[in-house]
Amino acid sequence: MNLKRLAISCAFFTFSVYAGLVLSIFYFFSGHLFMETFLSERTLFSIRLSLIAATLATTLSVFLAIPSAYALSRFDFRGKDLIDTILEFPMIVSPAALGALLLIFFNTPLGEALQNNTLQFVFTFAGIIVAQFVTTLGVATRLLKAALDEIPPRYEEVARTLGASPLSAFFTVTLPLAKRGILAAVILTWAKALGEFGATIMVAGSMAMKTETLPVAIFMRLASADISGTVVLILILISVGFFVLYAARFLTKGSRRA
Amino acid sequence: MLELERLTIQAGTFSVTNIDLTIQPGCCHVLVGPTGCGKTTLLEAIVGIRRPHSGVIRLEGRDITDLPIERRGIAYLPQDLALFPHLSVEGNIFYGIKQQKGLNEARRNFVLQLTQELGISHLLNRGIGNLSGGERQRVALVRALAPGSRYLLLDEPFSALHEAIRRDIWQLILELKRQLGLTIVMISHDLKEAFFLGDEISVMVEGKLLQTDKKEVLYERPKSAAVAAFLGLKNLFPARILYVQDQEVIITLQDMPQKLILFFKQTRDMSELAPNSPVLIGIRSEHVMLLRPGMANKHQKNLITGVIEDVFFQGKDYTAIFRPDGSFITIQIDVPGYAASKLSLKRGDSATICMCPERLFLLSE
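1. What to know about the pattern of salt bridges
At step 1: Tallied over the entire structure, the rule returns 22 salt bridges over all chains.
At step 2: A salt bridge links A:Asp76 to A:Lys80, with the nearest nitrogen and oxygen atoms 3.4 Å apart.
At step 3: You can call A:Asp76 exposed: its relative accessible area is 75%.
At step 4: Taking relative accessible area as the criterion, A:Lys80 reaches 18% and is therefore assigned buried.
At step 5: Several salt bridges share partner residues, and in doing so they unite A:Arg154, A:Glu157, B:Glu44 and B:Arg50 into one network.

Quick look at the structure:
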């Protein structure tokens, strides 16, 4: 077998692993149950909660990640390597551990003071946002840095020779040029927030009609041996996920053409 | 006037050191030098992209060393032009004016007039991706000049253009320089371009300015072997001074029995002309005269007999490689096409050359 065939076979095997998993859920799929579960108040609440929480967490992550990514992409400063390395922290520490760390933090005097003076995070909607924010911040910064790295600093330098301030050059040149890359990063961050489970269940718990996001709902249904209901929720999550991944892929391709 | 005083710039392990340079208003100053010699680093320090390690940059008497890029008022054209791909031609051209407070109508009209003069007024609504190489240069030029700067820094922006288009752009630059009273600092690795555009030329090697002179002086009288080599001078030979007599310096070349005479005034910048001191003697290949058989005259100085070792056709002209009798050195001679046909140059022919004393020059070894 030559290298080309071997490589292509591996690619198809990778595809078949995921395709097989997705197809296997149709063994338990039931059409009438799908609509019933999908339209149930509890499921609709989970969908709504997941979409709102993921959107808010992504917004917070991206707002902090854009300036951080810009600093890491453009400037040399003391501690840059340390910051760059810690971006992988949410990836090397499991989401459950990350959630546990958040719980531990909220039980320290500082965490308690924060909760007493601002919002209650443990077992609340705000807890979901914090869990998803902490899980996605590193990824968002990494993806946005990659998007900004693709824009040569030369454009900003030239903009400044034309009289633009650093801030104006960033908003009128760098940001529009990195638009597609940033959009793709935002979508992928949103998808990661939507699928977040470990940290969310640790911080916000699994209270029906209160903190039950889609991934938590899947866990709850499976825990109560409701396979058909689990399948429906998985299908919803897969549909949203595929749509988002396709959109990100399309935008990234577009950015390469530009 | 743009002045650089003892400017030192550190770029990683490389440094540009102790640059002293004064560029007069209305002058086109060209920086030439081999790749990696620090030309772009120096230009970036003037623009403000790089912070100098030490030294002062003055623009019209004002110290701009620590001034942010946007407050220096220096127009800059990088090698890749860096036209903003997300903006149209019009968006690019008016970017600088939009950054100024309010859209100045008079300036807008001036820029529109400039687009007409440069023949790009019909391109205003086009995207940057739909422009030819020459059009891109023109758009980048107008964009750089639109905010009204009188100082223009060019970092080899024409290097990727075809020869014919480059000549058009060179003429355009000279025209703009006259019309707008521009002071230009330009980097070029192309000597033809440097001599065409430059009033003054600086040769930079390994982070140091080796020579700054008017282009005619630089061409005729390089100060050092490194400058001569960069300027493409092929005939540079180790020699020794025999003695100095009246206004003449008598020297002998290694590996060549014959003595050569050159005029004392050709020994600029040489503090010592002591007998037996080692020097380098040089002559441009186009200044060596190849004499027709029987045309040598006993009053001519520095006549050398030898053999034509090779002849190369260079398109318009010929280059002959001449070896003096009893010598190991070879002398390169540029022969105009019409002269070459009259001489009917052939490999292996015996020949006589004349190296006029006023064309020879000495360099310290």
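There is more to say after this.
2. Considerations on the sheet that holds strand E6 (residues 75-77) of chain B
Residues and elements named next belong to chain B.
At step 1: Reading across the sheet, the 6 strands line up as E6-E7-E8-E3-E9-E10 and stay open at both edges, with mixed pairing between neighbours. At either margin of the open sheet sits one strand with a lone partner, and together these are E6 and strand E10 (208-214). Here the strands of the sheet are splayed against their neighbours by 15° on average, with no regard to which way each runs.
At step 2: Here E6 pairs with strand E7 (residues 151-155) via 3 bridges, running parallel. Opposite Ala75, over in E7, you have Leu152 as the bridge partner.
At step 3: Against the sheet, helix H1 (residues 39-47) makes contact with strand E3 (28-32), E6, E7, strand E8 (183-188) and strand E9 (200-205), and its axis sits at roughly 150° relative to E7, the strand it touches most.

3. Here we look at the interface of chain B and chain A
At step 1: Across the boundary between the two partners, chain B contributes 21 residues, which contact 18 residues of chain A.
At step 2: Of the roughly 1700 Å² buried at the junction of chain B and chain A (both faces included), carbon and sulfur atoms supply 65%.
At step 3: Our count for the contact surface shared by chain B and chain A stands at 2 salt bridges.
At step 4: When the shortest N-O distance is used, the salt bridge between A:Arg160 and B:Glu70 registers 2.7 Å.
At step 5: There are 6 residue pairs in polar contact (both at pLDDT 80 or more) connecting chain B and chain A.
At step 6: Of all the secondary-structure elements, those providing two or more residues to the side of chain B that touches chain A are H1, helix H3 (95-99) and helix H5 (133-145) of chain B.
At step 7: Here the element with the most residues in the side of chain B that touches chain A is H3(B); it accounts for 3 residues.
At step 8: Its residues placed into classes, the side of chain B that touches chain A shows 14 nonpolar, 3 polar and 4 charged.

4. Quick look at helix H13 (residues 214-223) of chain A
Helical geometry: 3.6 residues make up each α-helical turn, so side chains three or four residues apart lie on a common side.
At step 1: Among all positions in H13(A), only A:Leu214, A:Pro215, A:Val216, A:Ala217, A:Ile218 and A:Arg221 are buried.
At step 2: Remark: A:Ala225 follows H13(A) within two positions and exhibits a positive phi of approximately 60°.

5. Things to note about unusual backbone geometry
At step 1: A positive phi angle is found at A:Phe123, which is not glycine, with a value near 65°.
At step 2: Mapping A:Phe123 onto the fold places it in the loop between helix H7 (109-117) and helix H8 (125-149).
At step 3: The phi dihedral of B:Arg6 falls on the positive side, at around 45°, and the residue is not glycine.
At step 4: Turning to its location among the elements, B:Arg6 is positioned in strand E1 (residues 2-11).
At step 5: Since its relative accessible area comes to 53%, B:Arg6 is described here as exposed.

6. Looking at the packing of H8(A) against helix H11 (residues 179-194) of chain A
All names here are of chain A.
At step 1: Orientation of H8 relative to H11, taken along the N-to-C sense of each, is 160°, at an axis distance of 9 Å. Classed by the angle they form, the pair H8 and H11 counts as roughly antiparallel. Two packed elements cross with a definite hand, and for H8 against H11 that hand is right-handed. Note on element contacts: H11 touches H8 through Gly181, Ile182, Ala185, Leu188, Thr189, Lys192 and Ala193, opposite Gln132, Thr135, Thr136, Val139, Ala140, Leu143, Leu144 and Ala147.
At step 2: Looking at side-chain class alone, the contact of H8 with H11 contains 9 nonpolar, 5 polar and 1 charged residues.

7. Notes on the environment of B:Gly326
All names here are of chain B.
At step 1: Residue placement: Gly326 occurs in the loop between strand E17 (318-324) and strand E18 (331-335).
At step 2: When the C-alpha atoms of Gly326 and Asp255 are compared, they prove to be 7.8 Å apart, with 71 residues separating the residues in sequence.
At step 3: Sequence-distant contacts of Gly326, defined by excluding residues within four places in its chain, comprise Asp255 and Pro257.

Cut-off values and rules
- Residues numbered from 1 in each chain as written.
- Chains lettered and ligands numbered in written order.
- Predicted model: local features only at pLDDT ≥ 70, side-chain atom pairs only at ≥ 80, totals over all residues.
- Heavy atoms only, no water.
- Salt bridge = Lys/Arg side-chain N within 4 Å of Asp/Glu carboxyl O.
- Buried < 20%, exposed > 50% of the residue type's maximum accessible area, 1.4 Å probe, protein only.
- Pairing = 2+ DSSP bridges.
- Helix = DSSP H or I, 4+ residues; strand = E, 2+ residues; numbered from the N terminus.
- Axes fitted to C-alpha atoms, helices over the stretch in contact; angles between N-to-C directions.
- Contact = heavy atoms within 4.5 Å.
- Buried area = accessible area lost by both parts, 1.4 Å probe.
- Polar contact = N/O pair within 3.5 Å; in protein donor to acceptor, adjacent residues only side chain to side chain.
- Nonpolar A, V, L, I, M, F, W, Y, C, P; charged D, E, K, R; others polar.
- Parallel < 35°, antiparallel > 145°, perpendicular 65-115°, else oblique.
- Left-handed = near helix turned anticlockwise from the far one by under 90°.

By themselves, these observations are geometric and do not establish any function.
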